[in-house]
There are 4 protein chains.
Amino acid sequence: MSFNTFGKIFRFTTWGESHGPAIGCVIDGCPPNIPISEKEIQKDMDKRRPGQSKFTTQRKESDKVNILSGLFQGKTTGTPISIIIHNEDKRSRDYETIKNKFRPGHADFTYFKKYGIRDFRGGGRQSARETACRVAAGAVAKIILKKLLGPKFNIIGAVTQLGLMSCDKDNWKNSEIRKNPFFCPDKKSVKSWEKYLLAVRKSGSSCGAIIEIRASGVPVGLGAPIYSKLDSDISAALMSINAVKGVNIGAGMNSAFLSGEENDEIRNKSGKVNFKSNNAGGILGGISSGQNIVASFAVKPTSSILTNRETINKAGKNTKISVKGRHDPCVGIRAVPIGEAMLSCVLLDHYLLNRAQCG
Amino acid sequence: MSFNTFGKIFRFTTWGESHGPAIGCVIDGCPPNIPISEKEIQKDMDKRRPGQSKFTTQRKESDKVNILSGLFQGKTTGTPISIIIHNEDKRSRDYETIKNKFRPGHADFTYFKKYGIRDFRGGGRQSARETACRVAAGAVAKIILKKLLGPKFNIIGAVTQLGLMSCDKDNWKNSEIRKNPFFCPDKKSVKSWEKYLLAVRKSGSSCGAIIEIRASGVPVGLGAPIYSKLDSDISAALMSINAVKGVNIGAGMNSAFLSGEENDEIRNKSGKVNFKSNNAGGILGGISSGQNIVASFAVKPTSSILTNRETINKAGKNTKISVKGRHDPCVGIRAVPIGEAMLSCVLLDHYLLNRAQCG
Amino acid sequence: MSFNTFGKIFRFTTWGESHGPAIGCVIDGCPPNIPISEKEIQKDMDKRRPGQSKFTTQRKESDKVNILSGLFQGKTTGTPISIIIHNEDKRSRDYETIKNKFRPGHADFTYFKKYGIRDFRGGGRQSARETACRVAAGAVAKIILKKLLGPKFNIIGAVTQLGLMSCDKDNWKNSEIRKNPFFCPDKKSVKSWEKYLLAVRKSGSSCGAIIEIRASGVPVGLGAPIYSKLDSDISAALMSINAVKGVNIGAGMNSAFLSGEENDEIRNKSGKVNFKSNNAGGILGGISSGQNIVASFAVKPTSSILTNRETINKAGKNTKISVKGRHDPCVGIRAVPIGEAMLSCVLLDHYLLNRAQCG
Amino acid sequence: MSFNTFGKIFRFTTWGESHGPAIGCVIDGCPPNIPISEKEIQKDMDKRRPGQSKFTTQRKESDKVNILSGLFQGKTTGTPISIIIHNEDKRSRDYETIKNKFRPGHADFTYFKKYGIRDFRGGGRQSARETACRVAAGAVAKIILKKLLGPKFNIIGAVTQLGLMSCDKDNWKNSEIRKNPFFCPDKKSVKSWEKYLLAVRKSGSSCGAIIEIRASGVPVGLGAPIYSKLDSDISAALMSINAVKGVNIGAGMNSAFLSGEENDEIRNKSGKVNFKSNNAGGILGGISSGQNIVASFAVKPTSSILTNRETINKAGKNTKISVKGRHDPCVGIRAVPIGEAMLSCVLLDHYLLNRAQCG
């Protein structure tokens, strides 16, 4: 069971609301004796943090992580790591005007219908603020993976589609991704993306995005068929991120258009296994093949927009709504570190699972 | 943990290999006092069964289900339902020639690397034969859902893309789907699809497909955020099906191209909640909204093809392979009832979960 | 999987070390719309709190609970309730002298051997301080159970054996239990127990105890055979408490001495089901019968005593140890509210589970 | 969740009713490449099998195990092992006379109240026949443990208390246990036990028993605090066996009577860790210490006896019942191999869990 817990052996549980005193996570199943510091985790937090450019919400949060347990003299002890992040910029008054209306595309309606109660302050638990905890847990996972797999292991994500704007994936450069506010891997696309997103924002609208995450240095053998296939767990992980509506592994949905000949051929190249393509995204039969793991996902456009829209209120009456709060014109941008975090957690979990069953 | 078990409260465990004596499943967590019969389950089995047209594998299996436990006087008792399906047409000799080679696109390589042992007879556990068990479990779920939700509940899937051939989804007619060997919902597309697939088969190749599953009559409130979101569990369920590489909920990957205004608006229409569109696929914040649940997934082209392809053998040496066995030119076709089954299981599971937490 | 998580649907995860900045728990799966307050939880915390009499450790902890999430306007929202308790009285220096030795009966040795690292400050995670979190979670469970089951539901525990001193269970009065520092239900035994425990403490030794927990007003039907039997889950719950080594349901170990005729006969008494005895402790076939649930457990004597004892150190060398810290002469006494808490959690969990499967 | 599934990584699911066509289990999470045969499993089955002496039920079952999956060329493949055991001697007519009455001490009443339906044929799912599946799963676990831990690992159980008759545990000889029909480890007690049990049987009554299981050669470090403590999982495992009402680890309930000085002291003896006693039953803080694991449990007297007893019927009316079927005068006797099986499963599960987290 896993309402607010993710993972099988390496497991984290998140808690907290957008406008409560704090949010946090408890990370369980960590291997012992691994050095971990708040400083290292903070680096990942800072990638997701809002208010860093004009293209993300202006909510001001330092997102400072505070480790409350699980370490002794700077090393993991095998006991749960509890991390707390205090909410600093909570302007609940922003939400007074919409507290009785259901924002289209938001979970206001379904939460209220399911639970019979609605925490309207910033979306409460349904807020993307929860994802800060995932980034913290993912940072821990990444540190452990680097220790276990060595320096050849790496994980990096980028935005490859910003609304209607694509980029040239052949120009993907890891080093470019952090140099622009869009996590765009293709230097040449940045300018046009900037112009595009400014226009979207100015119109009071929003746009969707596609994010691609790549993990290299992943050993062959991770993934536990039939119902814990690596791609199955990755898709659950990515689909659990707010506003995600589609997940691809390798060629993904485009696999439909491939022919049988496009299944990745295998070669021995100077004693090493070498695949001639990677349409499978590094996963065969639910098990990692040693190729790069490649997963992508689509984030729908931000629901809270300035445009006046039709909806109903708590009493079921027709009404209109426009949301004046502080929101991202494209929430997909900030999903990059979240996707990296979720993939890191899945990979570590399966590393440990594989160690359990196969030694 | 769930290597071979799917679900949280309504759970099924599958077992068995392609060429062993039998395959089967154990279904746990069934509500008691619900009439279930082998005959009803068999109907769903017959949709998936191979050898029904020239477009599916010629392996001859009656796929007759045999219920060994869990019923008393024709009704569920709340105890596990064990179903066994005997394998009838096992020609292990077909696989002798390829037993030391890894078929590209297949899980031969990864299973062998992970477990250090390979059941080469028809792919062993990695074979799509396992999905017969899912269909049996899904049939049980569907019967229970119909009892719990009443006749307005329905679930139906179709192939909407057959390799390079699309269909007109505006012409979708449930009644057409079973009338052609492709599960095509658009009568007008059937002829061209037939021509296309015959050509694919003749060339010794294969093609992929996209399958769409629709569930109507699903109540609002199913789905348990954050890490058991309904769309998250559906994507895990569908991605666990053999050869699936992409999953969409509603607009899915195309959400990236939408604008904020395309989030589904809500209206009160004669006292009933009415959404003006369904880009969210019936799920908001991981919780069902009462709209139709719409999920689609892509199946990659069959890996076992006649074309000669490059690969390595168990010794790591370069070699070539072509597979002469009895295979489907498009495995995606037979994925329709499997997708229906998996969605049924997820929905029932969440119905029970919601009943647990919310009464 | 559940290293630091307890429960199936109503689940809590605890974190924190004896001498870290804080301890806490995250409670998931709460039904929504139930009023809960820190004040109500605090009442239960105060029963377990150390330093309340000369018979418990003199560590000074106010054990003030602080709810960080999961409530909106005083009611549960169905999202996780995060509770934090700050550690106030951490004198790490007390442990300097023993940090390289393994205390007999303690988990020092096994934690070090398992994890290769030892948080020697007050036992770190192995400390009974963790049980404060269980009491907080149990208080939440109890509040919910009272709401769901009505005022007839009650749960109360007592010490029925203090070392070599028994009490007369026929004199059990709920109202007496809180009136003495031993949670003794039999007024007449209090004086002799006091004299006995003073002698134990004076000698620098410690003693064990037996605690019995009784729950009334539990409906028939809770418990999910075969591997989630109510008694099975209760015994796991109680055995997970620090220093517990035996668990009885009803007649428990004494069942061996009963004859077949002593299986509880059933009568209809003025239209109500009435059992003539309760040797089964209210559970038949793993399912509650509607009788009182009666569970008892034994707590071994405190390991940390003044007496000089033989042990080895981290280097494996023979040495001696005596522990001068602040410890309870009988840790069993403070186990009463913990046992109540664990039983409350199991009962609520099974109430929800039963609601899931049986409606 | 685990209605009919036991374990975390090494997991088995059982299914089947006393009088259905068959019973069986599906064993998941097996390490690959371990030789397993039906013949080896059968040896353990034969220990539990009924009808082997006049002191056990005369139901005739060969309990022949049939492996349907999970092996290839005699070795585990890491996929689920499905085992089926056909029911041979099902005399449903025996139960006709009692089908509307609730047997005191049996689960008839609670199953009916919970599920609203009752499979009265031999108790249906509640029958101890289910335990045959546990023995099969335990046999697999034992084979794997022996492979992983080497020949020093051993697990053996015995009856140490037969109703009012004790034995001298100082005379415990493993080699004696299988030489008498009581699994009595003390040769000198056998005769008096035989006389006693004959008298019990003749009187139409039944008696309880205590079974003790000992595992040697268990490495230090198994067990995952806080909520998967080794003793916690063992107690859940043993308490899940039919008719078990009490579980002790080491000194168990008698821990209450120990003094602090009786916590097991530790010595270095020629370079090896050596405990001076084993009151903790080989488990400290929920983690194995390297000492023998010692667990015992009490089985209540058989409920189905010849004596006429008071009960109610399905209509709630008062009535009387005496059960004429084929029953054991002491079901505890046949619980010995079941206890061994359950302990084997827990130990293997924790071996794998420990390998996951600690490498």
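Positions within a chain are numbered from 1, following the residues in the order the chain's sequence is written. Lettering for chains starts from A, numbering for ligands starts from 1, and both go in the order in which the items are written. Where local features are concerned, this predicted model is filtered to residues with pLDDT of at least 70; where side-chain atom pairs are given and counted, the filter is 80 or more; whole-chain, interface and lining totals use all residues. Side-chain metrics rest on all non-hydrogen atoms present in the structure, leaving aside hydrogens and water.

Time to look at the overall build of chain A. What chain A contains, in helices and strands, is 7 helices and 18 strands. A radius of gyration in this sense is built from C-alpha atoms; the matching globule rule multiplies 2.2 Å by the number of residues raised to 0.38. A globule of 359 residues ought to have a C-alpha radius of gyration of about 21 Å, and chain A, at 21 Å, matches this closely. With respect to the principal axes defined by its C-alpha atoms, chain A has extents near 65 × 50 × 35 Å. When a residue's accessible area, from a 1.4 Å probe over protein chains only, is under 20% of the maximum for its type it is buried; when over 50% it is exposed; and in between it is partly exposed. Expressed as a percentage of the 359 residues in chain A, the buried residues total 70%. The contact criterion used throughout is that any non-hydrogen atoms of two residues lie within 4.5 Å. For chain A, contacts bridging at least 24 residues in sequence account for 70% of all contacts bridging at least 6. Accessibility throughout is a Shrake-Rupley quantity obtained with a 1.4 Å probe, and a residue counts as covered only by protein chains that appear here. Entry remark: accessible area of chain A is about 11,300 Å², with carbon and sulfur atoms responsible for 50%. Within chain A, one finds 55 positive and 31 negative side-chain charges whose respective centroids are separated by 4 Å. The way it works is that DSSP assigns letters per residue, a run of H or I at least four long becomes a helix, a run of E at least two long becomes a strand, and they are numbered from the N terminus. For the purpose of counting charges, residues Lys and Arg are taken to be positive, whereas Asp and Glu are taken to be negative. His and the chain ends are not included. All charge positions are set by atom: Lys at NZ, Arg at CZ, Asp at CG, Glu at CD.

Here the focus is the relation of the copies chain A and chain D. Least squares is used to superpose the copies, and the fit set is the C-alpha atoms of residues whose pLDDT is at least 70 in both copies. Between the two copies, chain A and chain D, the superposition gives an RMSD of 0.0 Å; the rotation angle is 180 degrees and the shift along the axis is 0.0 Å. Each copy turns onto its partner about a two-fold axis. Taking C-alpha positions as the reference, the residue of chain A nearest the rotation axis is A:Ala356, at 2.2 Å. When you check the interface residues of chain A against chain D, 100% turn up at the interface there too, and the contact is symmetric in its surfaces.

As a further point, take the pattern of salt bridges. Here a salt bridge means any side-chain nitrogen of Lys or Arg lying within 4 Å of a carboxyl oxygen belonging to Asp or Glu. Overall, the coordinates contain 87 salt bridges over all chains when judged by the stated rule. When the shortest N-O distance is used, the salt bridge between B:Lys8 and B:Asp233 registers 2.5 Å. One end of the pair, B:Lys8, is in the loop between β1 (5-6) and β2 (11-16); the other, B:Asp233, is in helix α6 (residues 230-239), with 225 residues separating them in the sequence. By relative accessible area, which is 12% here, B:Lys8 ends up buried. A relative accessible area of 11% places B:Asp233 in the buried class. The network of salt bridges with shared partners includes A:Asp44, A:Lys47, A:Lys142, A:Arg178 and A:Glu340.

What follows concerns the interface of chain A and chain D. At the interface, 13 residues of chain A touch 13 residues of chain D. Around 990 Å² of area is buried between chain A and chain D when both sides are counted, 58% of it from carbon and sulfur atoms. Counting across the chain A and chain D interface gives 0 salt bridges. Pairs of N or O atoms within 3.5 Å make up the polar contacts considered here, provided that, within protein, one atom can donate a hydrogen while the other can accept it, and that residues adjacent in sequence are counted only when both atoms are side-chain atoms. Counting across the interface, chain A meets chain D through 9 residue pairs in polar contact (both at pLDDT 80 or more). In the side of chain A that touches chain D, the residues fall into 8 nonpolar, 4 polar and 1 charged. Summed over both partners, the accessible area (1.4 Å probe) lost when two parts come together is defined as the buried area. Residues are grouped as follows: Ala, Val, Leu, Ile, Met, Phe, Trp, Tyr, Cys and Pro are nonpolar; Asp, Glu, Lys and Arg are charged; every other residue, Gly included, is polar.

Now for the relation of the copies chain A and chain B. After a rotation of 180 degrees and a shift along the axis of 0.0 Å, chain A superposes on chain B with an RMSD of 0.0 Å. Same-surface contact between copies: 100% of interface residues of chain A are shared with the interface of chain B.

A few words now on the sheet that holds strand β10 (residues 209-216) of chain C. Taken in spatial order, the 10 strands line up as β9(C)-β8(C)-β10(C)-β16(C)-β11(C)-β11(D)-β16(D)-β10(D)-β8(D)-β9(D) in an open sheet, and their pairing is antiparallel. The sheet is open, and its two edges are formed by β9 (165-166) of chain C together with β9 (165-166) of chain D, each paired on a single side. The pairing of strand β8 (residues 154-162) of chain D with β9(D) spans 2 bridges and is antiparallel. Within β9(D), the residue paired with D:Leu162 across the bridge is D:Met165. Strand pairing follows a simple DSSP-based rule, namely that at least 2 bridges must link the two strands.

We now examine the state of the cysteines. Residues and elements named next belong to chain A. The rule for a disulfide is simple: a pair of cysteine sulfur atoms within 2.5 Å. According to the stated counting rule, one finds 0 disulfides over all chains in the structure shown. Of all cysteine sulfurs in the structure, the one in Cys 25 sits closest to Cys 133, which takes part in no disulfide; the separation is 5.3 Å. According to the relative accessible area criterion, Cys 133 is buried, its value standing at 0%. Cysteine Cys 330 shares no disulfide, and the gap to the nearest cysteine sulfur, in Cys 207, comes to 4.1 Å.

Right, let's talk about the pairing of strand β16 (residues 293-299) of chain B for a bit. All names here are of chain B. Most of β16 is tucked away: 7 of the 7 residues are buried. Burial along β16 is two-sided: Ile 293, Ala 295, Phe 297 and Val 299 and Val 294, Ser 296 and Ala 298, pointing in opposite directions, are all buried. For strand β10 (residues 209-216) and β16, the ladder comprises 7 bridges, and the chain directions are antiparallel. Each residue of the ladder has a partner; that of Glu 212, found in β16, is Ser 296. The sheet contact formed by strand β11 (residues 244-249) and β16 spans 5 bridges and is antiparallel. Each bridged residue has a counterpart across the sheet, and for Gly 246 the counterpart in β16 is Ala 298.

All names here are of chain A. Across the sheet, which stays open at both edges, the 5 strands sit in the order β1-β2-β3-β7-β4 with antiparallel pairing between neighbours. Looking at which strands have only one partner, the edges of the open sheet turn out to be β1 (5-6) and β4 (65-67). Of the strand pairs in this sheet, strand β3 (residues 22-28) and strand β7 (residues 81-86) are connected by 6 bridges, and their pairing is antiparallel. The residue of β7 that forms the bridge with Gly 24 is Ile 84. Comment: axis = line fitted to C-alpha atoms, over the contacting stretch for helices; angle = value between 0 and 180 degrees taken between N-to-C directions. Against the sheet, helix α3 (residues 131-149) touches β2 (11-16), β3, β4 and β7, its axis set at about 30 degrees to β3.

Time to look at α3(A). Residue and element names in this part refer to chain A. The span expected for a helix works out to 1.5 Å for each residue beyond the first. An ideal rise of 1.5 Å per residue puts 27 Å on 19 residues; α3 measures up with 26 Å between its terminal C-alpha atoms. Across the 19 residues of α3, 16 count as buried, placing the element largely inside the fold. Downstream of α3 by a residue or two, Gly 150 has a phi angle that is positive, lying close to 85 degrees.

At the junction of the two partners, chain A supplies 103 residues and chain B supplies 104 residues. The contact between chain A and chain B buries some 8,500 Å² in all, and 58% of this surface belongs to carbon and sulfur atoms. Applying the counting criterion to the chain A and chain B interface returns 8 salt bridges. A:Glu310 is paired through a salt bridge with B:Arg267; the nearest N and O atoms lie 3.6 Å apart.

With that settled, consider the packing of aromatic side chains. Pairing of aromatic side chains requires ring centres within 6.5 Å, counting the rings of Phe and Tyr and the six-membered ring of Trp. Pairs whose planes differ by under 30 degrees are stacked, by over 60 edge-to-face, and all others tilted. In total, this model carries 36 aromatic pairs over all chains according to the counting rule given. Ring plane angle 35 degrees and centroid distance 5.8 Å describe the contact between B:Phe102 and B:Phe112, whose orientation is recorded as tilted. Of this pair, B:Phe102 sits in the loop between β7 (81-86) and α2 (108-115) while B:Phe112 sits in helix α2, placing them 10 residues apart in sequence. Judged by relative accessible area, which is 17%, B:Phe112 ranks as buried. Through pairs of rings, three or more aromatic residues link up here, namely A:Phe102, A:Phe109, A:Phe112 and B:Phe275. Two conditions define a charge located above a ring, namely a distance within 6 Å from the ring centre to NZ of Lys or CZ of Arg, and an angle within 35 degrees of the ring normal. Positioned over the ring face of C:Trp172 is C:Arg214, at 3.6 Å from the centre of the ring.

Among the secondary structure elements, D:Gly260 is positioned in the loop between β11 (244-249) and β12 (266-269). Residue contacts for D:Gly260: discarding those within four places in its chain leaves C:Ser205, C:Ser206, C:Pro301, C:Thr302, C:Ile305 and C:Arg309.

For every residue, the pLDDT score states the predictor's confidence, bounded by 0 at the bottom and 100 at the top. Taken residue by residue, chain A gives an average pLDDT of 94. The fraction at 70 or more is 98%. For this predicted complex, the interface score ipTM comes out at 0.97, alongside a pTM of 0.97.

Residues and elements named next belong to chain A. Counting buried positions along β7 yields 5 of 6 residues, so the element is predominantly enclosed. Here β4 runs beside β7; their pairing, made up of 3 bridges, is antiparallel. Across the sheet, Val 65 pairs through a bridge with Ile 85, a residue of β7.

The subject of this paragraph is unusual backbone geometry. Residue and element names in this part refer to chain A. Omega for the peptide link from Pro 225 to Ile 226 comes to 10 degrees, which places this bond in the cis form. Within the secondary structure, Ile 226 sits in the loop between β10 (209-216) and α6 (230-239). Backbone geometry places Asn 33, a non-glycine residue, at a positive phi of 70 degrees. Inspection of the secondary structure puts Asn 33 in the loop between β3 and α1 (38-48). With a phi angle near 75 degrees, Ala 243 is a residue other than glycine that sits in the positive phi range. Given a relative accessible area of 25%, Ala 243 falls into the partly exposed group.

Relative to the assigned elements, A:Arg267 resides in strand β12 (residues 266-269). The class for A:Arg267 is buried, based on a relative accessible area of 17%. Here the side chain of A:Arg267 touches B:Thr319 through a polar contact of 2.9 Å, landing on its backbone oxygen. Not counting the four nearest positions on each side in its chain, A:Arg267 is found in contact with A:Lys272, A:Val273, A:Asn274, A:Lys276, B:Glu310, B:Thr311, B:Ile312, B:Asn318 and B:Thr319.

Let's shift gears to helix α1 (residues 38-48) of chain D. For the α-helix, the turn length of 3.6 residues means that residues three or four positions removed from each other point alike. Residues and elements named next belong to chain D. Looking only at α1, the buried set comprises Ile 41, Gln 42, Asp 44, Met 45 and Arg 48. For α1, the arc enclosing every buried residue in end-on projection is 165 degrees, short of the 170-degree limit, so these residues lie on one face. Within α1, the exposed residues directed more than 90 degrees away from the buried face are Lys 39 and Lys 43. Think of it as the arc spanned by the lines of direction from the helix axis to the C-beta atoms.

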